[in-house]
Amino acid sequence: AQKVTQAQTEISVVEKEDVTLDCVYETRDTTYYLFWYKQPPSGELVFLIRRNSFDEQNEISGRYSWNFQKSTSSFNFTITASQVVDSAVYFCALSSPRGSTLGRLYFGRGTQLTVWP
Amino acid sequence: KAGVTQTPRYLIKTRGQQVTLSCSPISGHRSVSWYQQTPGQGLQFLFEYFSETQRNKGNFPGRFSGRQFSNSRSEMNVSTLELGDSALYLCASTRSGLAKLEGASYEQYFGPGTRLTVT
């Protein structure tokens, strides 16, 4: 069965602090994709990153970085020098493509990040 | 490039009524998925369509149905609305359909959602 766990329900930080959002996943599939989405108060889910199970190279994009470790089934997300505009709910998701389609995304319950000025 | 569009954005319906929500995917995207988001259950998968065929279905009652048209636009319908159907309904489009060797793009982009309130 596929499962995504985001143990942190809420995190509060002060602007300019670094913050890491944790994500642990479970799957028996050898080919799978992991995602991070951001949901600001407006409600739209904003795509941040996708990683496939064959690519454990970690990535940095501006203030964002991701740490994918298959050995611990974790796909953590770090924001460096947080800003008030980073305040949102962040979702980690897992999918195992079936043929030519992505298949369903299994979402974690989300982490509410609040960045105070 | 225009993003995923959903109409209407807000909807208020009465128990027992039915509702149809519409989703237009990003141009060139052939796969559309629907999700329901509620505070209690979180984000739950409803169904996935590709080339006008339902490819995957979540654990929702038969009152929830959908379809996809030849231009990849999709609609979902909920009949006999219940109070518990109040939720944010999100549509997502994916540029699926590419062979693995071509590097299938499985980035899934979401629309702004339709907020349905059932009274």
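In the block above lies the structure referred to throughout.
Predicted, not measured: the structure shown is a model, and the values here were computed from it. By convention here, each chain's residues receive numbers from 1 onward along its written sequence. Starting at A for chains and at 1 for ligands, labels are handed out in the order in which the entities are written. With pLDDT at 70 or above as the cut-off, local features in this predicted model cover only qualifying residues; side-chain atom pairs require 80 or more to be listed or tallied, and sums for whole chains, interfaces and linings still use all residues. Working from all heavy atoms in the structure, the side-chain values ignore hydrogens and water.

Enquirer: Explain the environment of A:R51 to me, please; I cannot follow it from the model alone.
Expert: Residue and element names in this part refer to chain A. Helix and strand definitions here come from DSSP, where helices need a minimum of 4 consecutive H or I residues and strands a minimum of 2 consecutive E residues; each element is numbered from the N-terminal end. Relative to the assigned elements, R51 resides in strand β6 (residues 46–52). Considered as a pair, R51 and F35 are 16 residues apart in the sequence and their alpha carbons are 6.5 Å apart. Look past the residues within four positions of R51 in its chain and what remains in contact with it is Y32, Y33, L34, Q57, N58, E59 and F75. The contact criterion used throughout is that any non-hydrogen atoms of two residues lie within 4.5 Å.

Enquirer: For this particular structure, what's the right way to read the packing of aromatic side chains?
Expert: What characterises a pair of aromatic rings is the spacing of the ring centres plus the angle enclosed by the ring planes. What counts as a ring pair is set by centres within 6.5 Å for rings of Phe, Tyr and Trp (its six-membered ring), and what kind of pair is set by the plane angle: stacked under 30 degrees, edge-to-face over 60, tilted for all other angles. The full count for this structure, using the stated rule, is 21 aromatic pairs over all chains. Each ring, one from A:Y25 and one from A:F68, has its centre 6.3 Å from the other, and the planes form 50 degrees; the classification is tilted. Placement of A:Y25 in strand β4 (residues 24–26) and of A:F68 in strand β8 (residues 64–69) is noted, with a sequence separation of 43 residues between them. With respect to class, A:Y25 is no different from A:F68; both count as buried. Pairing B:Y35 with B:F110 gives two aromatic rings, centres 5.6 Å apart and planes at 50 degrees, and the pair type is tilted. Here B:F110 lies in strand β10 (residues 108–110) and B:Y35 lies in strand β4 (residues 31–38), a separation of 75 residues in the sequence. To sort residues, take the accessible area from a 1.4 Å probe on protein chains only and compare it with the maximum for the residue type: under 20% means buried, over 50% means exposed, and anything in between is partly exposed. Residue class for B:Y35 comes out buried when judged on its relative accessible area of 0%. Aromatic rings pair up to connect A:F35, A:Y37, A:F47, A:F91, A:F107, B:Y35, B:F45, B:Y109 and B:F110 into one cluster.

Enquirer: Looking at this structure, how should I read the pattern of salt bridges?
Expert: The term salt bridge refers to a pairing of a side-chain nitrogen on Lys or Arg with a carboxyl oxygen on Asp or Glu at a separation within 4 Å. Across all of its chains, the model carries five salt bridges over all chains by this definition. For the salt bridge of A:R63 with A:D86, the shortest nitrogen-to-oxygen distance reads 2.8 Å. Placement of A:R63 in the loop between β7 (59–61) and β8 and of A:D86 in the loop between β9 (74–79) and β10 (88–95) is noted, with a sequence separation of 23 residues between them. Residue A:R63 is classed as partly exposed on the basis of its relative accessible area, which comes to 25%. B:R63 is paired through a salt bridge with B:E82; the nearest N and O atoms lie 3.6 Å apart. You can see B:R63 sitting in the loop between β6 (53–57) and β7 (64–68) and its partner B:E82 sitting in the loop between β8 (74–78) and β9 (87–94), a full 19 residues away along the chain. Here the salt bridges do not stand alone but share partners, grouping B:R63, B:E82 and B:D85 into one network.

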